Amino acid sequence: MISNAIEQNVEGRKREITKERRALFLRRVWANKMVVIGGGIIFLITLLALIAPLIAQFTPYDLEAVNRLKPPNATHWFGTDNFGRDIFSRVVYGARVSLAVGLSVAIITGFLGLFIGMYSSYYRVLDHILMRIADGLMAFPSILLAIAIMAVMGPKPINVVIAIVIVETPGVARIVRSAALVVKEQTYIEAARAQGASSRKIIWSHIAPNVLTPLIVQITYVFSVSMIIEAALSFLGAGIPAPEPSWGNILFDGKSVIQTAWWMTVFPGMFLLLAVLGSNLLGDGIRDLIDPQSNKAKK
Amino acid sequence: MSNQSLLKVNHLRTTFATEEGAVTAVDDVSFTVNKGETIGVVGESGCGKSVTSESIMRLLNEKTTKYEGEVLFEGENLLQLSKAEMREIRGNKISMVFQDPMTSLNPVQTIGDQIAEAIVIHQKVNKREAYKKAEEMLRLTGIPAPEKRIHEYPHELSGGMRQRVFIAMALACRPKVLIADEPTTALDVTIQAQILDLIDHLKSELEMGVMMITHDLGVVAEVCQRVVVMYLGQVIEEGEVGTLFSRPLHPYTRGLLKSIPQLDGDRTEKLHVIKGVVPPLTAVPTGCRFAPRCEFADEQCTGQAPDLTEIDTAQKVRCWKADEFLKKEGHKHHATTV
Amino acid sequence: MRIYIAQRLLSLIPVMLVVAIVVFFLIHLTPGDPASIILGPEALPEDIKALQAELGLDLPIYQQFLNWFSGILVGDLGDSLYLDMPVLTAFASHLGPTLSLAILAQLISIIIAIPFGIMAATKRGTAVDQFFMVFALLGISIPSFLLGLLLILLFAVELHWLPAAGYQPLSAGLWNHLRFLILPAITLGAIQAALIARMTRSSMLDILSMNYIKTAHAKGLKERVIIYKHAFRNALIPILTVVGQAFGTLVAGAVVTEVVFNIPGIGQLIVNAIQRRDYVLIQGTVLLIAATYVFINLLVDLLYGVVDPRVRLNKK
Amino acid sequence: GKSGGSNEKGGTLNVAYMAQPPTLDPHATVSVATTDIGRNIFETLLAFNERNEAAPLLAETFESSEDLKSITFKLRKGVKFHNGKEMTADDVVASMERWKELNGKANTYFSKSEFVKEDDYTVVLKMDKPFTIAKYILATNINFAAIMPKEIIENAPKSGVKEYVGTGPFKLEEWKKDQYIKLVKNEEYQSPRSEPDGLVGKKEPMIDELYFRMVPDASTRTAGIQTGEYDVALQIPYDNVPAIESDGNLEAITHPEGFSTVVFNKQNGIFSNEKARQALNLAVDKKEVMMAAFADEKFYTQEHGLLTKEYVSWYNEQGKDKYEAHDPEAAKKLFKEAGYNGEELTILTTRDYEDQYQIAVVIQENLKKIGVKTKLEVYDWATLMEVREDKKFYDLMPMGYNPVTDPTQINFLDSRINYTGWSNSPEIDKLLDELMVAPSDEDAKEIFGKLQNESWNYLPAIKFGDYDGVAAIRTNLKDFEWFHGPVFWNTTKSD
Amino acid sequence: MQQPYENQEPLLQVKNLQKHFPITNPLGKVTGQVKAVNNVTFDLYEKETLGLVGESGCGKSTTGRTILRLTEPTSGTALYKGKDIFKLKDKEFMPFRKEMQMVFQDPHSSLNPKKRIGYSVEEPMKIQGIGTKAERMEKAMDLLNKVGLRSDQYYRYPHEFSGGQRQRIGLARALAVTPKVIICDEPVSALDVSIQSQVINLLQELQDEFEQAYLFIAHDLSVVRHISDRIGVMYLGSIVELAPTDELFKNPLHPYTQALLSAIPIANPHRKKERIVIKGDVPSPTNLPSGCVFHTRCPHAMERCKTEVPTVTQGANRHQVACHLYD
Ligand SMILES: Nc1ncnc2c1ncn2[C@@H]1O[C@H](COP(=O)(O)OP(=O)(O)OP(=O)(O)O)[C@@H](O)[C@H]1O
Ligand SMILES: Nc1ncnc2c1ncn2[C@@H]1O[C@H](COP(=O)(O)OP(=O)(O)OP(=O)(O)O)[C@@H](O)[C@H]1O
Ligand SMILES: [Mg+2]
Ligand SMILES: [Mg+2]
């Protein structure tokens, strides 16, 4: 009975603390300009991508050969491309593809990197094997590896994601691994072992939560890098297969007409730049937010 | 004991601008360092010992730090000097030794370079001569084979040796005042004994005044002539070592002395406990800063801040109840010293 | 020291093995075959078959791998199917442009980035700092093909200051050589510069909060001396890592830049080889690139010893 | 040493070329690059004149026998190879025999024929059938019958000769792989004496050094000619032409580049049904196709003829009506009749040839309008080359072809060569055979008319039209010609 | 507190414990040994506190960690209630983890910063499968109360506590499974003087209540003296002297112990004493001196000290020492 009362009291206290903590966290997030601006940019672009059908008067595929390469005007806000397709529509629909690529690569590499990094930090033999493979993969020039993978698997959006995942995972795994190696030496890991905690428990409930922060920072970086790699792949003709629009392949189309139709390069380029800038800002901001050093400086 | 004052700190107050507002880490601190004398500064972690010493040297970030009061060295107020003038003082007239010799030595320079550097600047000699002097200094600190050591890097030396190097570096220009900020905390007892001996020995040799910062009352008792006790940015008690240890007046000092296990104490007796914890600088209590933890505190204590008052030439204390204690303690004191 | 280098070189073996296996099977899984490329778009099936047999592409895949791999073991990387020359020769003839480009790009980025980074760190929180960092962020965010195209438009097509594309070897004269490399080097260096500037700033910030910087102040040293003599040399270690890795990737293929500026370097070599399904060339070149990458990282590690006595290897 | 005043000008010519040839041996490849560059080094017995007739080049004259079963070539005397050796009948026989082996078409038709040396300056082609069309095949400019020294041929592997020694106006000096091919003037060159006429007639090298620089990226070629790095840039993107034209130092030269088609998979799937192919012919707006791919009417012609008006000896009006028909509604009905049930059809294409890709996009959109679902499979060229051999892989594939100089060069017609798309029309095959042995040029022309008509009925592929390429040159070039490719002899460059 | 050891079985008997760490080069080849623990022998009795002192790096922590099988011993035996726990498989050792717990030196890194403290205190019970969820929670709160925290702090995170409080949480965690032995690895050396006494008192109170034995590792002799029944003095991986506390302080035998005792600064300026300052540094454990490991710094070193390893001699008053002066 008494314990019940305590429990209730404590539950209430728990809620209160969580609320307090959330408020405090939000205040700190809000105070961090980089997170606000970067997050804001990403949010706006995402929003634009989501409501693309509502704001675009054309589908990204409608072509009108007679309206080729028209500069921006009232109907075609961003002008038309070499098929006479509406660039505005292609850019906002392209945002879906580019963001989807960025997001799925970020999530998949995040998970893979976490798994590989965690286990290789923990098991020496596995570490040797996995890290040699990672060395090998990192010794490949990443764009070339991606091109080769695209060539093997064929030009499908999913393969673009797979190719970039293969290229980016070793780096993430290494970050996780080195963070985990530091955490592993902490006394609380030894304490958990002294309790008899199993390796799995130590890895997942003690080490993992403590490597999440560098992982998150790295993931925002991967998010932006994968959008650039997708664009570069498109630029080299191995990206998202057309006519599906992505910023990369709009730029690819625009490359050959850059002198006559600047709008084909400038608009998707600007969006790409903004998205990458936004996620970089977000990443840097998160780094600041979670960096104990910078917190200390504030105190 | 000579009574020539070298360094006089008067009502020093150091305030940091932080994102959460101004934080006064050192508040109205005064003391004097005399020639040939070692003064101990004790107190718990975070009470402002380091900030005090760094304020004297003006080592804190000039942009976010505000100094008030004065730091008189040979009659000059250091807080008023230009940057260039201040550089002339640092490492030349006043030197510092830090707690952790590993992180306080530049890992990528040979120890010879690091010692010679200050000599070159302050004594306007060439590099060769500076090296010779550096070697001499190392020999003085008792490092074997200094001519070899001088070409080594900090990581090649043991902790005790590094601290000797550091001392050699600090004393290379034969300063008038040495500030030692917890110089032995990172060292083992037997090595600590060596270093304390060394500082004591060099002090008399070079006729310096030494300001020894520590949290170890044992160290104070062994090497200091006078002692300053700090609590939450303030000096709460000051006095000659003998007096202060035998007749501590401030409840905090008394608690502190009672809470360390004595080598000759009664083991079956429980240790004294000062209840509570030091409040953060952002929430300094009004009134006496120690009042919330003090067993004798009354309304006066929580309402009004006491001043540091002189009890006699040998002792000052910042406590409303000092007189009361003095009366009670008077008997005991006499009883024990007989 | 010598033993250490030998050991590091030995550790190349597993990396190379991984690379060799991955690249071989990756490339042989790829649809498309070299014979039909060589014979051109209107080639007839029987011609293609005949050439395949001549090139040994009709053997079972494991057989092909063994043939190739046993060649590598005796130092023979084989002959390019398309270029009709040994892989090593092809690699060597394309290495020059890439090296020149990488070195110039690295120089440009270092010259820009390090002073920027130091300044930003010493003026932390001020407008100068923020300006530099926004600049650095832009450098990271702008895709290099876009930057390359814009540079060509501005400096070559509009202003006629520099050639739009192409390459002249050093033997054609230093200026002639550099003329062609300036724009691509800027393109390539931009990202590096941004990365290095950021690294410089953050590692300088770390170092400036170290105790030994306080020591240096306590010695009465001038600010400038402290920053350059004490702080920078210590900050150099992480910077060096970034520079080293960056250089590795630069040499390993500034693919996009080489394509945009038509520089006949390693990147182009491989891109072409992939398009032509020049198996032997792809395999050999990737292997050599990986070796270069590992080798450069070894050099960087050795440089650590020069900068940081704590990792001087002979002492251990 | 230099001789004659006209050599004073000389100088260096930089040509921005798209892709490096796999080899410079014209026998060994159908690559256009090999033709464009190789024609400066090598020459053939016969070549095309302005009217696209086969005319003698290294031959002084050529003559068919009465029964049309042999052709006698009289060789020009005193023609020297770049290695200084004089060209004789031995070299010609060796070269022609090798070419006959390696050139697929020649192999088909001449496998039972033989080149025979009569004397040092006379060679006779003896054939098993009266192949009237033989002279066209001999004059072909792709995979052409270059004459090389006998010794070099004897040492050559199948992938191509290793030494490039010909009789042409330029000599190969250096081939820096993937960077440039450097040719220098052949000072000893022996030109035919008649007036310049297409690829025959007077040919005089005026340029000292001729560089073909490999510049795969089109924007770079454009930028490079604008900045003056190149004197000639080939394959300028159509959309860059205005920029070229607006520059006073540059001139845009349009030239026939080929014809566009879509090739059907006639082995598998819906398009094995002739009705479906006809339906597609009605569904697709050929003008839109050409417009999307080639930007401006300046750069394409809507043309039904498999050989165009320039080929006077072949041109006819057969099939024009079917070419011009465009009726989406009828197309929809026809698709139904052909058994189309809403399944998704596969269009195979590549972005390595942007026009093909763009055609694919337009076809897709056109079909969408009449309710035919399609998906694009976009591959790089190398992959496409492989997957297009898979009979189950695709339904449609846009393809561009180089201009053909005679009907036998059209691969998708003949079912016996097993070309992708897998034609299977006994009528067409029969007509092709008749064409080969037509007793006279007039007969040949008539048979070709029937052939063309049948091809518009059977529809192995649909021709959308002819298109031009654009080359940019700097205006200080004089007498630069385009004839089945860039012609650099007779061209001069002033400062 | 003194106990009649003679007629009691020791709870834990450690004999000739050795732990050498291999030094490997980057390729994994062993190039040397860190001889962290060379010869450690002691008994630990029920409810007693055995202090272990020595300078940094002399192997105190390693000794503790090896006994808990956090690192595998190189040789030696450890009998817990007569059973050699070094011979057990990991699984078989599990039940013993309930009997032996540890408290760590650094209060800042010994609690997982991402876990609520309630979780940390409950975890040992969960692993050992003790009680239901509700019972565990109740016990955890109870323990938090016992160590002087409020039970509603159960849901807080470590960074919200001061160092002394964190050390209490560490203690609560160790007590969660009511162990018989707690190895305290410098539990107070990171704490401020005024906090230190709180924790020491707490340790003693809890011992009175739960009756566990402590192996109390520290380098501060005055603290060790205050809390221990017996003290072992370690130097370079070996216990050089072991005696009941009062005996050791009254009558230090080993020259190292003597030096150590004299080097402790005493907070009493009136008791000036003769300090024995021994020269030089502690040799590196990778390269141990021959013979008696202390001979390089020993003021009484003799010729035989350089060659002969001294054996432990059992003196009066249960006083053991390993020194040639007392053979
Ligand atoms: N730059 C700064 N900005 C803000 N607050 C500071 C700064 N430097 C020190 N402080 C605060 O001033 C107070 C005094 O710190 P100081 O370093 O002087 O303590 P200390 O007595 O030397 O402690 P320790 O024994 O741990 O060295 C602390 O609360 C600290 O957090
Ligand atoms: N995992 C390890 N690998 C290699 N050497 C180790 C390891 N753990 C400890 N050592 C070495 O073993 C020796 C003894 O270390 P230990 O931590 O036991 O000393 P300690 O007496 O606890 O010292 P301290 O008072 O500094 O905690 C040291 O030289 C240390 O460097
Ligand atoms: Mg301090
Ligand atoms: Mg320890």
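Residues numbered from 1 in each chain as written. Chains lettered and ligands numbered in written order. Predicted model: local features only at pLDDT ≥ 70, side-chain atom pairs only at ≥ 80, totals over all residues. Heavy atoms only, no water.

**Looking at the interface of chain E and chain B**
Thinking step 1. If you look at the interface, chain E gives 43 residues, while chain B gives 43 residues.
Thinking step 2. Interface area for chain E against chain B, summed over the two sides, is near 3800 Å², with a carbon-plus-sulfur share of 54%.
Thinking step 3. Taken together, the links from chain E to chain B amount to two salt bridges.
Thinking step 4. Close ionic contact of Asp246(E) with Arg267(B) constitutes a salt bridge, the shortest N to O distance being 3.4 Å. (Contact = heavy atoms within 4.5 Å. Buried area = accessible area lost by both parts, 1.4 Å probe. Salt bridge = Lys/Arg side-chain N within 4 Å of Asp/Glu carboxyl O.)

**With respect to the site of ligand 1**
Residues and elements named next belong to chain B.
Thinking step 1. Of all residues adjacent to ligand 1, which total 13 residues, the nearest are Ser45, Gly46, Lys49, Ser50 and Val51.
Thinking step 2. Here an oxygen atom of ligand 1 sits 2.5 Å away from a polar atom, N or O, in the side chain of Ser50.
Thinking step 3. Here an oxygen atom of ligand 1 sits 2.8 Å away from a polar atom, N or O, in the main chain of Val51.
Thinking step 4. Its free accessible area being 640 Å², ligand 1 has 65% of it covered by the protein chains.
Thinking step 5. Of all the elements in the fold, those that place two or more residues in the shell around ligand 1 are β1 (5-18) and α1 (49-57).
Thinking step 6. With three residues, α1 is the single largest residue contributor to the shell around ligand 1.
Thinking step 7. Residue composition of the shell around ligand 1, by class: five nonpolar, five polar and three charged. (Near = heavy atom within 4 Å. Polar contact = N/O pair within 3.5 Å; in protein donor to acceptor, adjacent residues only side chain to side chain. Areas by Shrake-Rupley, 256 points an atom, 1.4 Å probe, with all protein chains shown as cover. Helix = DSSP H or I, 4+ residues; strand = E, 2+ residues; numbered from the N terminus. Nonpolar A, V, L, I, M, F, W, Y, C, P; charged D, E, K, R; others polar.)

**Thoughts on the UniProt feature "domain: ABC transporter" (unreviewed entry) in chain B**
Thinking step 1. Mapped onto the present numbering, the UniProt feature "domain: ABC transporter" (unreviewed entry) falls at residues 7-257 of chain B.
Thinking step 2. Along residues 7-257 of chain B the backbone is 41% helical and 28% strand, and the end-to-end C-alpha distance reaches 28 Å. (UniProt positions renumbered as here; feature names shortened; annotations may be inferred.)

**Topic: helix α1 (residues 60-67) of chain E**
Residues and elements named next belong to chain E.
Thinking step 1. Judged by how many residues are buried, α1 sits mostly within the fold: seven of eight residues are covered.
Thinking step 2. For α1, the full list of buried residues reads Lys60, Thr62, Thr63, Gly64, Arg65, Thr66 and Ile67.
Thinking step 3. Directly beyond the C-terminal end of α1, a positive phi value near 60° is found at Arg69. (Buried < 20%, exposed > 50% of the residue type's maximum accessible area, 1.4 Å probe, protein only.)

**Quick look at the packing of aromatic side chains**
Thinking step 1. Summed over all chains, the structure comprises 58 aromatic pairs over all chains.
Thinking step 2. An angle of 80° between the planes, with centres 6.1 Å apart, marks the rings of Tyr17(D) and Phe212(D) as edge-to-face. Note that Tyr17(D) is positioned in strand β1 (residues 12-17) and Phe212(D) in strand β10 (residues 209-214), a separation of 195 residues in sequence. Residue Tyr17(D) shares its accessibility class with Phe212(D), and that shared class is buried.
Thinking step 3. Note on Phe264(D) and Phe271(D): the rings are 5.0 Å apart at their centroids and 40° apart in plane angle, and the pair reads as tilted. Grouping residues by exposure puts Phe264(D) and Phe271(D) together as buried.
Thinking step 4. The rings of Trp77(A), Phe78(A), Phe88(A), Trp247(A), Trp262(A), Trp263(A), Phe267(A) and Phe271(A) are connected pair by pair, giving a single aromatic cluster.
Thinking step 5. Across the ring face of Phe325(B), the terminal group of Arg254(B) is positioned such that the distance to the ring centre comes to 4.1 Å. (Phe/Tyr/Trp six-rings, centres within 6.5 Å; stacked < 30°, edge-to-face > 60°. Lys NZ or Arg CZ within 6 Å of the ring centre and 35° of its normal.)

**Considering the nonpolar core**
Thinking step 1. With 189 residues, the main nonpolar core has Met118(A), Ile207(A), Val211(A), Leu233(A), Trp247(A), Trp68(C) and Phe145(C) as its most contacted residues.
Thinking step 2. The biggest single contributor to this core is helix α9 (residues 199-235) of chain A, with 17 residues.
Thinking step 3. Counting only domains with at least three residues in this core, you end up with domain 1 (1-76) and domain 2 (89-312) of chain C.
Thinking step 4. Setting aside anything within four residues of it in sequence, one finds Met118(A) in contact with Gly113(A), Val176(A), Ala180(A), Ile203(A), Trp204(A), Ile207(A), Ala208(A) and Val211(A).
Thinking step 5. Core analysis: the next-biggest nonpolar cluster, separate from the first, contains 111 residues, Phe115(D), Ile152(D), Val387(D) and Tyr401(D) among them. (Core = buried A, V, L, I, M, F, W, Y, C linked by side-chain atoms within 4.5 Å. Domains from an automatic or database assignment.)

**Structural notes on the site of ligand 2**
All names here are of chain E.
Thinking step 1. If you check the shell around ligand 2, you find 13 residues, and the closest are Ser56, Gly57, Lys60, Ser61 and Thr62.
Thinking step 2. Backbone polar atom of Lys60 to an oxygen atom of ligand 2: 2.8 Å apart, as the coordinates give it.
Thinking step 3. At 2.6 Å from an oxygen atom of ligand 2 is found a side-chain nitrogen or oxygen belonging to Ser61.
Thinking step 4. Protein chains bury 64% of the 630 Å² of accessible surface belonging to ligand 2 in isolation.
Thinking step 5. Secondary-structure elements contributing two or more residues to the shell around ligand 2 are β2 (30-44) and α1.
Thinking step 6. Considering every element that reaches the shell around ligand 2, the biggest residue donor is α1, with three residues.
Thinking step 7. Residue composition of the shell around ligand 2, by class: five nonpolar, five polar and three charged.

**Concerning the environment of Tyr61(A)**
Thinking step 1. Relative to the helices and strands, Tyr61(A) resides in the loop between α3 (52-55) and α4 (87-122).
Thinking step 2. On the basis of relative accessible area, Tyr61(A) is assigned to the partly exposed category, the value being 25%.
Thinking step 3. In this structure the C-alpha to C-alpha distance between Tyr61(A) and Gly84(A), which are 23 residues apart in sequence, comes to 9.5 Å.
Thinking step 4. What Tyr61(A) contacts, discounting residues up to four positions off in sequence, is Arg85(A), Pro243(A), Glu244(A), Pro245(A), Glu365(D) and Lys368(D).
Thinking step 5. A polar contact is formed between the side chain of Tyr61(A) and the side chain of Glu244(A), at a distance of 3.1 Å.

**Section: the sheet that holds strand β4 (residues 59-64) of chain D**
Residue and element names in this part refer to chain D.
Thinking step 1. Here four strands make up an open sheet; going across it, the order is β4-β5-β7-β6 and the pairing antiparallel. On the outer flanks of this sheet lie β4 and β6 (114-119), each paired with one strand and no other. Taken over all neighbouring pairs, the strand axes of this sheet differ in orientation by 20° on average, direction set aside.
Thinking step 2. As paired elements, β4 and strand β5 (residues 70-75) share five bridges and run antiparallel to each other. Its bridge partner lying in β5, Glu63 is registered against Thr72. (Pairing = 2+ DSSP bridges. Axes fitted to C-alpha atoms, helices over the stretch in contact; angles between N-to-C directions.)

**A short note on the interface of chain A and chain D**
Thinking step 1. Listed by partner, the interface residues are 23 residues for chain A and 25 residues for chain D.
Thinking step 2. Across the chain A/chain D interface, buried area totals approximately 2100 Å², and carbon plus sulfur atoms make up 54% of it.
Thinking step 3. In this structure, the connection of chain A to chain D is made through zero salt bridges.
Thinking step 4. Along the contact surface separating chain A from chain D lie one residue pair in polar contact (both at pLDDT 80 or more).

**Quick notes on the arrangement of the chains**
Thinking step 1. A comparison of contact numbers over the eight pairs of chains in contact places chains B and E at the top.
Thinking step 2. Chain B makes no contact with chain D; the smallest distance between any of their C-alpha atoms is 47 Å.
Thinking step 3. At the level of C-alpha atoms, the two units chain D and chain E stay apart, their nearest approach being 42 Å.

**Re the packing of helix α2 (residues 33-50) of chain A against α4(A)**
Packed helices, taken two at a time, are described by the angle between their axes plus the distance between the axes.
All names here are of chain A.
Thinking step 1. Viewed as axis vectors pointing N to C, α2 and α4 meet at an angle of 115°, and their least axial separation amounts to 8 Å. Two packed elements cross with a definite hand, and for α2 against α4 that hand is left-handed. Here Ile45, Thr46, Leu48, Ala49 and Leu50 of α2 lie close against α4, whose contacting residues are Val92, Ala95, Arg96 and Leu99.
Thinking step 2. Considering only residue class, the contact of α2 with α4 consists of seven nonpolar, one polar and one charged. (Left-handed = near helix turned anticlockwise from the far one by under 90°.)

**A few points about the side chain of Gln364(D)**
Thinking step 1. Along the chain, the position of Gln364(D) falls in helix α12 (residues 354-369).
Thinking step 2. Not counting residues within four places of it along the chain, the set of residues in contact with Gln364(D) comprises Pro243(A), Ile347(D), Thr374(D), Lys375(D) and Leu376(D).

**Side note on the domain arrangement of chain B**
Residue and element names in this part refer to chain B.
Thinking step 1. Domain annotation for chain B reports domain 1 (5-229) and domain 2 (232-329).
Thinking step 2. Of note, the centres of domain 1 and domain 2, computed from C-alpha atoms alone, are 28 Å apart.
Thinking step 3. Contact residues are listed per partner, giving 20 residues for domain 1 and 23 residues for domain 2.
Thinking step 4. Here domain 1 packs against domain 2, burying approximately 1900 Å² in sum over the two surfaces, 60% of which is carbon and sulfur.
Thinking step 5. Counting the contacts that link domain 1 with domain 2 gives three salt bridges.
Thinking step 6. Between Arg318 and Asp28 there is a salt bridge, and its shortest N-O distance comes to 3.9 Å.
Thinking step 7. For the interface between domain 1 and domain 2, the tally reads ten residue pairs in polar contact (both at pLDDT 80 or more).

**Describing the confidence of the model for chain E**
Thinking step 1. Looking at chain E, the pLDDT average stands at 89 and 96% of residues meet or exceed 70.
Thinking step 2. Reported for the predicted complex are a pTM of 0.81 and an ipTM of 0.79. (pLDDT = per-residue confidence, 0-100.)

**Focus on helix α8 (residues 187-194) of chain A**
Thinking step 1. Of all eight residues making up α8(A), seven are buried, and the element is well covered by its neighbours.
Thinking step 2. Of all the residues in α8(A), the buried ones are Thr187(A), Tyr188(A), Ile189(A), Glu190(A), Ala191(A), Ala192(A) and Ala194(A).
Thinking step 3. Those residues of α8(A) that are buried are in contact with α7 (157-184) and α9 of chain A together with α1, α2 (90-97), β6 (100-103) and α5 (163-175) of chain E.
Thinking step 4. Trailing α8(A) by a residue or two, Gly196(A) shows a phi angle of about 90°, which is positive.

**Concerning the pairing of strand β10 (residues 234-240) of chain B**
All names here are of chain B.
Thinking step 1. For β10, the buried fraction is high: six of the seven residues fall into the buried class.
Thinking step 2. Bridge analysis of strand β9 (residues 226-231) against β10 gives six bridges, and the strand direction is antiparallel. Directly across from Tyr231, in β10, lies its bridge partner Gln234.
Thinking step 3. Between β9 and β10, which pair antiparallel in sequence order, lie two residues; one of them, Leu232, sits at a positive phi of approximately 50°.
Thinking step 4. Where β10 lies against strand β12 (residues 315-317), three bridges are found, and the strand directions are antiparallel. Note on β12: the bridge partner recorded for Glu237 is Val317.

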